[in-house]
Amino acid sequence: METAMTHTAVAQSMDDRLQREFDELVYRHYQQAYNLAYRLTGNAADAEDLVQEAFLRAYRFFDRYDRSMPFMNWFSRILTNLYIDEYRRRGRLRTVSIDEVYSGEDGEEGTTMDLPDTAPNPLERALSNEYLHAIQEGLQHLSPEFRIAVILADLEGYSYEEIAEITKTSIGTVRSRIHRGRKQLRDQIKKRHPNLFERGDLK
Amino acid sequence: MNCRYVQSRLSAYLDFELSGDEQQLIRSHLEACIECSCEYESLRRTKQLLRQIPTVKPRIRVLSRCCCACVRRRLWRRALRGAFGGIRRACGSMPLGFALAAAILFWGRAADTETSPITTASPTPSYFTPSNPLSQLLLPNSPPCTDPTLPTCLDALPTL
């Protein structure tokens, strides 16, 4: 009986340690995680659901997390897997235009969707909202596998090797997904904003 | 080295993901071939555009939603473990204990997806310490949060 109680106590103190570690990881990474989710789903409501679901899953499997891997790499795998599952389940995720009137679930009807501060420094103002919108829409047109590869490479800055680890594919697959994804994206953006690719813009 | 081969590797070249030799070969091909260098420029521009996409900041409720989901699960598990320990000590029979554990675990999993507030009284969890940044959000004696977007599940936490 005594051993059973010590066992419970030990398990509890270990849980506490893991929980504290996990809490700190959530606190440190939730913004980056949200950004990834937002770029994948293209709208705030789905991004919030996805990020919450991913953290809950990460919490459930936290004892299997291999500390030799950076947390965000492991977490990105969970998040992108969840995203693909959800994408297949729903057929195609609804995408909400950022200009559309947003009727939030808590009755904030009639307000336009609150766009997060998208221009933290003046340099980034170079891309107008119209262009940003075109790029995000172009991303939304890619298949989920291509989108994930392109976003992980160009927005999150992962190496091909890391992307292969996150998506559990070979480097060759990653290379071809990024290449084809970028080409499709280029064609999409070019269709709407050919001026973004004019010679004068290139340098 | 033909154009098709070069064009299939332009993205990898752009990302410096080729071997040194291959990187060199493609560079010299690009200097000589206008078609490939146009293709390269447009891909470079695409990557440049993507890199300029700014990061979005989540609304404050995102953090509390993520925490709430985990805290809810945590409290359930703790309560269930307590109950399981008591039952095991009381009955001492292994098969019965396992059956109960399976039932309780299944119940716990199902409870995770529920949104109903928790009514379980739980011992003071030790992660509510001032050193834990998240406890700032969750400690009851921290200044009351006036953000109306905070989910109501915070109210469902047991009083400490």
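A brief structural summary. Values in this document were obtained by computation on a predicted structure and should not be read as measured data.

Brief notes about the packing of helix H3 (residues 71-90) of chain A against helix H5 (residues 144-155) of chain A
All names here are of chain A. H5 packs onto H3 with a crossing angle of 155 degrees between their chain directions and a minimal axis gap of 11 Å. Our classification of the angle between H3 and H5 gives roughly antiparallel. Note on packing geometry: the crossing formed by H3 with H5 is right-handed. Listed contacts from H5 to Thr80, Tyr83, Ile84, Tyr87 and Arg88 of H3 are Pro144, Glu145, Arg147 and Ile148. Across the contact of H3 with H5, the residue classes break down as five nonpolar, one polar and three charged.

Quick word on the packing of helix H7 (residues 171-192) of chain A against helix H4 (residues 34-51) of chain B
It is at 10 Å that the axes of H7 of chain A and H4 of chain B come closest, and there the two elements cross at 85 degrees. Judged on the interaxial angle alone, H4 of chain B and H7 of chain A are roughly perpendicular. The residues of H4 of chain B that touch H7 of chain A, namely those facing His179, Arg182, Lys183, Leu185, Arg186, Ile189 and Lys190 of chain A, are Glu39, Ser42, Leu43, Thr46, Lys47, Leu49 and Leu50 of chain B. When its residues are assigned to classes, the contact of H7 of chain A with H4 of chain B shows five nonpolar, three polar and six charged.

Things to note about the nonpolar core
All names here are of chain A. In this structure, Val51, Phe55, Phe75 and Leu79 are the most contacted members of the largest nonpolar core, which totals 78 residues. At eleven residues, helix H1 (residues 2-41) tops the list of elements feeding residues into this core. With sequence-adjacent residues up to four places away left out, Leu79 is seen in contact with Ala33, Leu36, Ala37, Leu40, Leu50, Val51 and Ala54.

Thoughts on the pattern of salt bridges
Counting across every chain of the model gives 17 salt bridges over all chains. We note a salt bridge from Glu48 of chain A to Arg61 of chain B, for which the minimum N-O separation is 3.0 Å. Within this pair, whereas Glu48 of chain A is found in helix H2 (residues 44-60), its partner Arg61 of chain B is found in helix H5 (residues 61-91), the two belonging to separate chains. What makes Glu48 of chain A buried here is its relative accessible area of 2%. Salt-bridge contacts for Asp15 of chain B lead to Arg182 of chain A; the nearest nitrogen and oxygen are separated by 2.9 Å.

A look at a positive patch on the surface
On the surface, a cluster of positive charge is contributed by Arg57 and Arg60 of chain A together with Arg77 and Arg109 of chain B. Topologically, Arg57 of chain A is positioned in helix H2.

Scoring rules and cut-offs
By convention here, each chain's residues receive numbers from 1 onward along its written sequence. All chains are assigned letters beginning with A, and all ligands numbers beginning with 1, in the order in which they are written. Per-residue local features of the predicted model are confined to residues with pLDDT of at least 70, and side-chain atom pairs are confined, for both listing and counting, to 80 or more; whole-chain, interface and lining totals are unaffected and use all residues. Excluded from the side-chain calculation are hydrogens and water; included are all heavy atoms of the structure. Interaxial angle, 0 to 180 degrees, is taken between N-to-C directions of lines fitted to C-alpha atoms, where a helix line uses only the stretch in contact. Segments assigned H or I by DSSP are reported as helices when at least four residues long, segments assigned E as strands when at least two residues long, and all are numbered from the N terminus. Oblique is the label for any angle not under 35 degrees, not over 145, and not in the 65 to 115 range, which are roughly parallel, roughly antiparallel and roughly perpendicular in turn. Note on convention: near helix rotated counterclockwise from far helix by under a right angle means a left-handed crossing. Clockwise means right-handed. Pairs of residues are marked as contacts when any of their non-hydrogen atoms sit within 4.5 Å. Basically, the charged four are Asp, Glu, Lys and Arg, the nonpolar ten are Ala, Val, Leu, Ile, Met, Phe, Trp, Tyr, Cys and Pro, and anything else, Gly included, counts as polar. Here, the term nonpolar core denotes a set of buried Ala, Val, Leu, Ile, Met, Phe, Trp, Tyr and Cys residues that are joined through side-chain atoms within 4.5 Å. Relative accessibility thresholds used throughout: buried, under 20% of the residue-type maximum; exposed, over 50%; partly exposed, between the two (1.4 Å probe, protein chains only). Salt bridge, as used here, is a side-chain nitrogen of Lys or Arg placed within 4 Å of a carboxyl oxygen of Asp or Glu. What goes into a patch is any residue over 30% in relative accessible area without a salt bridge, connected to like charges within 9 Å or, for nonpolar side chains (Val, Leu, Ile, Met, Phe, Trp, Tyr), within 5 Å. For accessible areas, the Shrake-Rupley method is used with a probe of radius 1.4 Å. Any residue's cover is judged against the shown protein chains and nothing else. Positive residues here are Lys and Arg, negative ones are Asp and Glu, while His and the chain termini are left out of the count. A charge is said to be at NZ when it belongs to Lys, at CZ for Arg, at CG for Asp and at CD for Glu.

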